[in-house]
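Residue-level listing of the chains:
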Amino acid sequence: MSHPGFPGDGSATTHLVHNLVEEAVRSLEGVPIPLTREYHPGPKEKREPIVEHPANRIVGNPARTPPNQWPVEEISTREALRHSISPSKVRELLDFSALLYADEPDDNLLCPICKLPVITPIITPCDHTFCLECLKRHFRSSDTCPIDRTRFRARDCKTSRLLTNILDSLVVECPNTERGCSEKMKREEVVKHTINCRYTLHDCPDKACDKRVQQWLAVSGKCWHFEQTCEYCEDKMEAASMADHINKKCTKNTTSCSDCGVTIKLSA
């Protein structure tokens with residue numbers, strides 16, 4: 001059985017009726033009916049583009065990103081990946097917010113919350129920059145920008161590679177300055193330096209001892225937490241503190257230069 005061509009003007013309605021008639025004829029002839037039929041616009045028709053309503057759009061990361069997920073990792077996580085250690089070990093080595101800078105940082109690089117050079121810069125949709133940790137703490141109690149009170153979601157924030165590089169280039173002092181280290185380095189190198197610094201504190205090699213000791217003593221593999229007498233002033237103290245005492249505190253650790261007579265301090 002055959003059927004004549006269905007007259008029409010090529011419109012969508014005509015095309016739909018044509019399909020219905022054709023499927024009815026196919027069913028009578030025992031011809032399988034396609035489950036779906038693609039519609040092709042006629043020569044006079046144009047397919048209208050699908051326009052998303054502005055209210056349904058999400059500015060920032062894709063909708064699959066949780067609203068409270070930040071677009072950048074904490075600095076301890078970043079440094080842990082760089083140096084193959086755990087984030088907790090990075091936090092144990094140093095506190096980035098306590099770093100001392102060789103030069104006065106530019107005011108534009110300071111976080112409006114902590115007033116220190118930004119650590120892991122995070123930029124809100126309203127274009128204000130903070131430390132990631134500072135903004136996360138603020139976000140726990142308020143979802144508005146600390147500067148202009150604009151509401152935002154964590155996933156709508158962004159970071160800046162350029163700003164991160166500028167901040168990482170700031171020169172800082174070793175976290176062990178008070179213990180005797182005089183080294184200075186870029187902030188991006190401070191973790192690497194601290195890992196290898198002879199003044200970094202480690203657990204005492206003696207498992208029965210719960211105290212800590214500087215790295216250059218820890219490598220000996222023995223406990224230095226026993227009493228010792230200074231050979232110059234005869235003060236008593238822990239052996240682990242003896243070198244620091246002789247170099248910085250002992251008042252009798254001096255001698256006269258054989259050439260010029262100037263009093264100089266001896267080393268441990």
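Residues numbered from 1 in each chain as written. Predicted model: local features only at pLDDT ≥ 70, side-chain atom pairs only at ≥ 80, totals over all residues. Heavy atoms only, no water.

Asker: Mind laying out unusual backbone geometry, listing which residues take part and the relevant values?
Answerer: With a phi angle near 65°, Lys 115 is a residue other than glycine that sits in the positive phi range. Tracing the backbone shows Lys 115 in the loop between α3 (87-93) and β1 (121-123). Located in the positive-phi region is Asp 127, a residue other than glycine, with phi close to 70°. (Helix = DSSP H or I, 4+ residues; strand = E, 2+ residues; numbered from the N terminus.)

Asker: Residue-level account of the UniProt feature "domain: RING-type" (unreviewed entry) in the protein, with values.
Answerer: As recorded in UniProt, the feature "domain: RING-type" (unreviewed entry) lies at residues 111-149. Note that residues 111-149 is 21% helix and 15% strand, and that its end C-alpha atoms are spaced 16 Å apart. (UniProt positions renumbered as here; feature names shortened; annotations may be inferred.)

Asker: Tell me about the confidence of the model for the protein, and name the residues and values.
Answerer: Per-residue pLDDT for the protein averages 81, and the proportion of residues at 70 or more is 73%. A low-confidence stretch, residues 35-39 (pLDDT under 50), is modelled with eight contacts involving residues beyond four sequence positions or located in other chains. (pLDDT = per-residue confidence, 0-100. Contact = heavy atoms within 4.5 Å.)

Asker: Account for a negative patch on the surface, naming residues and giving values.
Answerer: On the surface, a cluster of negative charge is contributed by Asp 103, Glu 104, Asp 106 and Asp 107. Asp 107 sits in the exposed class, given a relative accessible area of 63%. (Patch = residues over 30% accessible without salt bridge, like charges linked within 9 Å, V, L, I, M, F, W, Y side chains within 5 Å. Areas by Shrake-Rupley, 256 points an atom, 1.4 Å probe, with all protein chains shown as cover. Salt bridge = Lys/Arg side-chain N within 4 Å of Asp/Glu carboxyl O. Lys, Arg positive; Asp, Glu negative; His and termini not counted. Charge placed at Lys NZ, Arg CZ, Asp CG, Glu CD. Buried < 20%, exposed > 50% of the residue type's maximum accessible area, 1.4 Å probe, protein only.)

Asker: Can you explain the nonpolar core? Please cite residues and give values.
Answerer: Counting residues in hydrophobic clusters, the biggest one holds 36 residues, and the most contacted among them are Trp 70, Phe 96 and Val 190. Counting residues per element, the ones that place at least two in this core are α2 (75-83), α3, β2 (129-131), α4 (132-139), α5 (161-168) and α6 (190-196). Top element by residues in this core is α4. It accounts for four residues. When residues no more than four places from it in sequence are discounted, the contact partners of Phe 96 are Ile 75, Glu 79, Val 90, Ile 119, Arg 187, Val 190 and Val 191. (Core = buried A, V, L, I, M, F, W, Y, C linked by side-chain atoms within 4.5 Å.)

Asker: Any details on the packing of aromatic side chains? Residues and values, ideally.
Answerer: Ring pairs (aromatic) are described by centroid distance and by the angle formed between their planes. Scanning all chains against the criterion turns up three aromatic pairs. The interplanar angle of 40° and the centroid separation of 5.2 Å between the aromatic rings of Phe 139 and Phe 152 together place this pair among those described as tilted. One end of the pair, Phe 139, is in helix α4; the other, Phe 152, is in the loop between α4 and α5, with 13 residues separating them in the sequence. Relative accessible area serves as the criterion here: at 6%, Phe 152 is assigned to the buried category. Measuring from centroid to centroid gives 6.4 Å for Trp 224 and Phe 226, while their planes differ by 20°, and the two rings are stacked. Judged by relative accessible area, Trp 224 falls into the buried class, the value being 18%. Here Phe 226 falls in the partly exposed class, since its relative accessible area comes to 37%. (Phe/Tyr/Trp six-rings, centres within 6.5 Å; stacked < 30°, edge-to-face > 60°.)

Asker: Summarise the environment of Phe 139; cite the residues concerned and give the values.
Answerer: The exposure class of Phe 139 is buried, given its relative accessible area of 16%. C-alpha separation for the pair Phe 139 and Phe 152, spaced 13 residues apart in sequence, amounts to 9.5 Å.

Asker: Before we move on, can you summarise the pattern of salt bridges with the specific residues and values?
Answerer: Under the defined criterion, the tally for this structure stands at 13 salt bridges. The salt bridge involving Lys 136 is made with Glu 74; its shortest N-O contact spans 2.8 Å. Pair noted here: Lys 136 is in helix α4 and Glu 74 is in the loop between α1 (12-29) and α2, with a separation of 62 residues, a long-range link. Residue Glu 74 is classed as partly exposed on the basis of its relative accessible area of 25%. The closest approach of N and O atoms between Lys 249 and Asp 244, which form a salt bridge, is 3.8 Å.

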